[in-house]
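Structure assessment
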Amino acid sequence: MKKQCVIPIFVPHLGCPNDCVFCNQKSISGQTKEVTGEIVKETIEEYLAGLNGDIYKEVAFYGGSFTGIDKNKQEELLSVAYEYVLNKQVDSIRISTRPDYINKEILKMLKKYKVKTIELGVQSTDDYILKRAGRGHTFQDIKKASKLIRWYGFELGHQIMVGLPDSTKLDEEKTARDIIKLKPKIVRIYPVLVIKHTQLEKEYEKGEYEPLSLVQAVERCKELVNLFNQRKIKVIRIGLQNTQEISDPKEKESEVVAGPFHPAFRQLVESSIWYDRIVEKIKSYNVKVKEVQVTVHPSELNNVVGHKKENIEKLQEIYDVSLKVVGDNRIKIGSLEIEILKTYQDFLEDEEEQERRKKEKIKR
């Protein structure tokens, strides 16, 4: 599989008429100045200069509801990226937008510039929660836009959030099931963070909104990832990207006021999924396990071990099981082999043998 490089172009808030309660695009993207065709060109050239080898390159226009900005501005930005696609310096173009800013005319224009992927900011499929968050669109808009995007041959992506005001774990699982029916190819999952200068910050300060704890956010995201994995829908991001602005609230430059921020949030979620799989497998054995070896693809080692060896420590503490993790390229990514190295009976027999030898040594 080719390595991939995303060349990000941020267009903060240019095309969005709404102020969602959680949103401050300038903080999230770190971008404050208006984007021009010249900036797009400079950004692409800068990225290309640092790339070598056989790499899949994609220009991605993020934020600002791209299809909501002035049509001339859209074409100004797209035309620059399109030239790089025509010259085979870039492989594809991706945009993100709102569900209510998709129609046939827009899609025809995006086709003209060889856009491949369209990501929709869905967030939730519950109309009450969408209204509560100030989204300005409905689930019907999401369904209509998703079907049109797929009909016109684009790759469909969805972005959803956990921890929105008044949203429960059940609401979020229903959102996942709803969008699975709409057949996106890719999904992003974001836990809600309280960002400075947003409506949500005001609600948080008044005690009207309580963000999820880190543990709650990991558990909720884990359930959604499991649902998407079962349907072979690729989850390409879990949690906002760690930047100078989106960082630990204790950091001086951070724009995060509160919420389940963690620089390795995705690893926490994926490690928790691996932990559950290992525990389930151990419990399936009709024997008390003392020590096991789990073999996975080398790329999965860190997630199986857990952030700061969390999974190893949890298994030892909760189940009194020692975990050894090894990598093997012959194991398919996402799969595992598990071997019992020692049962509790083996452990007792070892202790008895050690005790016997100790007594024999004393007798001598």
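The residue numbers shown here count from 1 along each chain, following its written sequence. The predicted nature of this model means local features are confined to residues of pLDDT at least 70 and side-chain atom pairs, given and counted, to a pLDDT of 80 or more, with totals for whole chains, interfaces and linings taken over all residues. Side-chain measures here rest on the full set of heavy atoms in the structure, leaving out hydrogens and waters.

With an unreviewed UniProt entry as reference, the chain is termed Radical SAM protein, source organism Candidatus Merdicola faecigallinarum. UniProt positions are given in the numbering used here, feature names are shortened, and annotations may be inferred rather than shown by experiment. Within the UniProt record for the chain, the comment given under Cofactor (unreviewed entry) is "[4Fe-4S] cluster".

1. Overview of the overall build of the chain
Working definition: helices are DSSP H or I runs of at least four residues, strands are E runs of at least two. Numbering for both runs from the N terminus. A count of helices and strands for the chain gives 13 helices and 12 strands. A principal-axis box enclosing the C-alpha atoms of the chain has dimensions of 95 × 55 × 40 Å. Here the term buried applies to any residue with accessible area under 20% of the maximum for its type, exposed to any over 50%, and partly exposed to those in between, with areas from a 1.4 Å probe on protein chains only. For the chain, with 364 residues in total, the buried portion stands at 49%. Throughout, a contact is declared for two residues whenever any of their heavy atoms are within 4.5 Å. Within the chain, contacts between residues separated by at least 24 positions form 79% of all contacts whose residues are at least 6 apart in sequence. For the area figures, the Shrake-Rupley method with a 1.4 Å probe applies, and any residue is considered shielded solely by the protein chains shown. Here the chain has roughly 19,600 Å² of accessible surface; of this, 47% comes from carbon and sulfur atoms.

2. Let's talk about the side chain of Gln-293
Locating Gln-293 in the fold gives a position in strand β10 (residues 289–296). Setting aside residues no more than four positions away along its own chain, Gln-293 makes contact with Lys-324, Val-326, Glu-337, Ile-338, Glu-339 and Leu-341.

3. Description of unusual backbone geometry
Within the chain, Lys-308 stands out as a residue other than glycine whose phi angle is a positive 55°. Mapped onto the elements, Lys-308 comes out in the loop between α11 (301–305) and α12 (310–319). With a phi close to 55°, Asp-320 is a non-glycine residue in the positive phi region. As for its position among the elements, Asp-320 is in the loop between α12 and β11 (322–327).

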